[in-house]
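Examining the three-dimensional arrangement
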Amino acid sequence: MKQQAYKMFDASTIPDDLCPIATKPTPMLPGDWRSMRPVVDRAKCVKCAVCWLYCPVQCVVERPAWFDFNLKTCKGCGICATECPQRAIQMIEEAA
Amino acid sequence: MGAAYETIYFKADACDGCNECMSACARAKAQSDDQLQSRIQIVPSGEGFELALCRQCGDPECVLNCPAGALAKNAGSGVIAWDGSKCVNCLLCTVGCAYGGIAYDAQAGHVIKCDMCAGDPACVKVCTTGALKHVKTARIYNEVGNLEDLFAPGLSGCQGCNTELIMRHTLRRIGPDVVVATPPGCIPGMGSVGYNGLTGTKVPVFHPLLTNTASMLAGVRRHYKRMGRDVMAVALAGDGGTADVGFQSLSGAAERGEEILYICVDNEGYMNTGMQRSGCTPYGAWTSTTPVGERAHGKTQDAKNLPLLMVMHNCAYVATASTAFMQDLYDKLERAIEAAKTGFAYLHIYSPCTTGWRFPSDQNIEVARKAVETNFVLLWEFNPRDGLQLTHPAENAKPIDEYLEVLGKYRHLDPDQVEHIERTLANNLARIRGFAAAKGTASAEAGRG
């Protein structure tokens, strides 16, 4: 890199914490926003992955014979239940 | 990670009972014209029709019931295969199945069931009403499903946010060797850049101004290159930050052919700050700055065609995409990633906004699908060598009402306004077709390829 024609400032005077860099992901989990919860009928699930494809928070987790949801992050939008080609997902009300 | 499997989707209200699928199946599987030999059966039920077809269940009853081990689920394809040499014709499998998916065929003298035609079902190919669909999502899942989601698990996008869906899919595919720029808008607003000393992204991310996203990112990419590091530079920006406020820096970077991938997530307005209109808001739409009342009836101007503007910059790659057509989106993303290694790649992805457009969150993908099916959104791609090509057929578009009526932001439209929208869409299509007909000839000479 080229040298500066004249020194504009003394870089050693910049404090180390002037521009902190975040390295820890936010622990916020939006699961408690939910008023409706998806429930999979395991007998109907054929593992086509449509719920996974369209889930905005990507909270779909794979089990040996069906797909399930991580309810810590599921916001309860209901897209999976609407899009499921086998109608295997139902939205039920969260208990008060 | 196991595997996902392809499936056949039956949309009962689209079926007209023509039974072509049964004929096709009988021909393909039994070389017969007898529909009773078809593995798929359409059964009249009340006013409509029901489907009797093997679902290739995840935990199949038929396999459990079979005492002879003649039925087995293939872990690779998901298909439950019948082995004639082991079958003892006890028909217990037919008792267990709740879907009528396996049945005795008197002519063949044994049970018959669907085998998905080795991934190319004959029944779906002959269905003209769209009642049968071969769902191939599994292919995407098996390819990218185990790539890490590079955003934090908790982002505060609205319920059913299409933008969050786009972010997670695109960044996962792009991979961890990346620097992401997210100018003000919903994307950093939902926490992707993080707050309170925490980050929302597992890769380096920064928050440029609305105005300088493309130029700042170009500088970052150039510096990485100078340091000898092959790091992808990606912008995830909204339509306001792209089409309006950030346009001059975007235009400059595109003109210089900077090696960046610019993804515009178009939710047709400044949704993060309270749903104000943008240059991409369509005619007639309600926003908080184009209100609806006694005199005003939504936006009075048409949206600017931003992706087409990018084509005029002769970028290395330009494409429009929709989350309702994910395979198409992934294909385009792949080409955009490749193009961004040597030139400017621009992806314009439509993102229905459940909060700002006023529709129920579970309808998000359906809205995105209708937008494409009614030609409100045209899917195409462009590169200087091949020119512009439509990637989703624009013929046989559904009437525009089917799209407008599901959105609260169009609830007030009067017939004149609908007519205006129809005219605009027809003009858009004619223009795009004009570009498609012109191919890549003249532009290829000047193009950077």
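Before reading on, note that the structure itself is shown above.
Now for a look at the structure at hand. (Residues numbered from 1 in each chain as written. Chains lettered and ligands numbered in written order. Predicted model: local features only at pLDDT ≥ 70, side-chain atom pairs only at ≥ 80, totals over all residues. Heavy atoms only, no water.)

1. Remarks on the environment of Glu 422 of chain B
Residue and element names in this part refer to chain B. Residue placement: Glu 422 occurs in helix 15 (residues 415–438). Using a relative accessible area of 41% as the deciding quantity, one classes Glu 422 as partly exposed. Each C-alpha atom of the pair Glu 422 and Asp 401 lies 9.7 Å from the other, and the pair is 21 residues apart in sequence. (Helix = DSSP H or I, 4+ residues; strand = E, 2+ residues; numbered from the N terminus. Buried < 20%, exposed > 50% of the residue type's maximum accessible area, 1.4 Å probe, protein only.)

2. Some remarks on the packing of helix 5 (residues 137–144) of chain B against helix 12 (residues 326–339) of chain B
Residues and elements named next belong to chain B. Their axes nearest at 9 Å, the elements helix 5 and helix 12 cross at an angle of 40°. The pairing of helix 5 with helix 12 is recorded here as oblique in orientation. Contacts between helix 5 and helix 12 involve Ile 140, Glu 143 and Val 144 from the first element and Met 326, Gln 327, Tyr 330 and Glu 334 from the second. Considering only residue class, the contact of helix 5 with helix 12 consists of four nonpolar, one polar and two charged. (Axes fitted to C-alpha atoms, helices over the stretch in contact; angles between N-to-C directions. Parallel < 35°, antiparallel > 145°, perpendicular 65-115°, else oblique. Contact = heavy atoms within 4.5 Å. Nonpolar A, V, L, I, M, F, W, Y, C, P; charged D, E, K, R; others polar.)

3. Digging into the nonpolar core
Side chains that are nonpolar tend, in soluble globular proteins, to be buried together. Residues and elements named next belong to chain B. Counting 95 residues, the largest nonpolar core has Leu 261, Ile 263 and Tyr 403 as its most contacted members. With seven residues, helix 12 is the largest single contributor of residues to this core. Once you skip the residues sitting within four places of it in the chain, Tyr 403 turns out to touch Trp 357, Val 367, Lys 370, Ala 371, Thr 374, Phe 376 and Tyr 410. Judged by nonpolar contacts, the second largest core, of 33 residues, contains Ala 237, Leu 250, Ala 253 and Tyr 262. (Core = buried A, V, L, I, M, F, W, Y, C linked by side-chain atoms within 4.5 Å.)

4. Section: the packing of aromatic side chains
Each aromatic ring pair is specified by the distance between its two centres and by the angle formed by the two planes. For the structure shown, the criterion picks out seven aromatic pairs over all chains. Plain terms: the ring middles of Tyr 262 of chain B and Tyr 346 of chain B are 6.1 Å apart, the flat faces sit at 25° to each other, and that makes the pair stacked. One end of the pair, Tyr 262 of chain B, is in strand 12 (residues 261–266); the other, Tyr 346 of chain B, is in strand 14 (residues 345–350), with 84 residues separating them in the sequence. Relative accessible area serves as the criterion here: at 1%, Tyr 262 of chain B is assigned to the buried category. Here a set of aromatic residues connected by ring pairs shows up, and it is made of Trp 52 and Phe 67 of chain A together with Tyr 141 of chain B. In this structure, Lys 47 of chain A is placed above the aromatic ring of Phe 67 of chain A, and the distance from its NZ or CZ to the ring centre is 5.8 Å. (Phe/Tyr/Trp six-rings, centres within 6.5 Å; stacked < 30°, edge-to-face > 60°. Lys NZ or Arg CZ within 6 Å of the ring centre and 35° of its normal.)

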